[in-house]
Amino acid sequence: ARDDGTRGHVALSGKFDQWDVTPHAAYTAHIDAIPGNITLSAALPVRGMRVHGVTLTELTNTTGIVPMPDQLTHNLLPEDIKATVKNFGNLDLGDWTATGMGDLAVTLGWSNNYPQTKDNLENVELHGFIGFTAPTAEAKNEDKAFSMALGNDGAWSMPIGLGLDL
């Protein structure tokens, strides 16, 4: 048998919405022993995500003169695919919504300006940072097919960056 692109296929459709608000606080200090500025910052995002209007539509040909394989496939597919998947695999293919905090991010940064006396270059800024993100967000619900983590799904991370601005 060959796949005709429709027999036994199911089309999945739905909509995804997301919003984010990230409160951020930073403190910058100048320490005489260190050139430039040191900045300690923290950010804790609040986000909401939603998958809604999830539908599954069988694509098997059931109109006009229906070939025997198409009719057999249509008869074997369950009427409610979502319910069948939930009953036999405990996987929910329905809508999903979550609202909560993301992962806490804390960084320690340094920056310094080096003024230049050249015609085409007025300033050079060096900057860098190191930090961590702590898993404060809700993790993915493995029983919901369209669930997503609001952060890094329980993982810690260590962001590091260096930069040169001319």
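Treat the numbers as computed from the prediction; the structure is a model and nothing was measured.

**Student:** Got a minute to help me understand unusual backbone geometry in this structure?
**Tutor:** Most peptide bonds take the trans form, and the phi angle of most residues other than glycine is negative. The residue Asn 90 is not glycine, and still its phi comes out positive at about 55°. Even without being glycine, Asp 153 reaches a positive phi, approximately 55°. Mapped onto the elements of the fold, Asp 153 is located in the loop between β7 (123-134) and β8 (160-165). When its relative accessible area of 41% is taken as the criterion, Asp 153 is described as partly exposed.

**Student:** Looking at this structure, I do not really get a nonpolar patch on the surface. What am I missing?
**Tutor:** A surface patch of nonpolar side chains, amounting to about 490 Å² of accessible area, comprises Leu 40, Leu 108, Ile 130, Met 158 and Ile 160. Given the relative accessible area of 41%, Ile 130 is considered partly exposed.

**Student:** Mind showing me how you'd approach the side chain of Lys 144 here?
**Tutor:** Structurally, Lys 144 can be placed in the loop between β7 and β8. Among residues more than four places away in sequence, those in contact with Lys 144 are Leu 91, Asp 92, Asp 95 and Trp 96.

Calculation rules
- Residues numbered from 1 in each chain as written.
- Predicted model: local features only at pLDDT ≥ 70, side-chain atom pairs only at ≥ 80, totals over all residues.
- Heavy atoms only, no water.
- Helix = DSSP H or I, 4+ residues; strand = E, 2+ residues; numbered from the N terminus.
- Buried < 20%, exposed > 50% of the residue type's maximum accessible area, 1.4 Å probe, protein only.
- Patch = residues over 30% accessible without salt bridge, like charges linked within 9 Å, V, L, I, M, F, W, Y side chains within 5 Å.
- Areas by Shrake-Rupley, 256 points an atom, 1.4 Å probe, with all protein chains shown as cover.
- Salt bridge = Lys/Arg side-chain N within 4 Å of Asp/Glu carboxyl O.
- Contact = heavy atoms within 4.5 Å.

The analysis is restricted to geometry; functional conclusions fall outside its scope.
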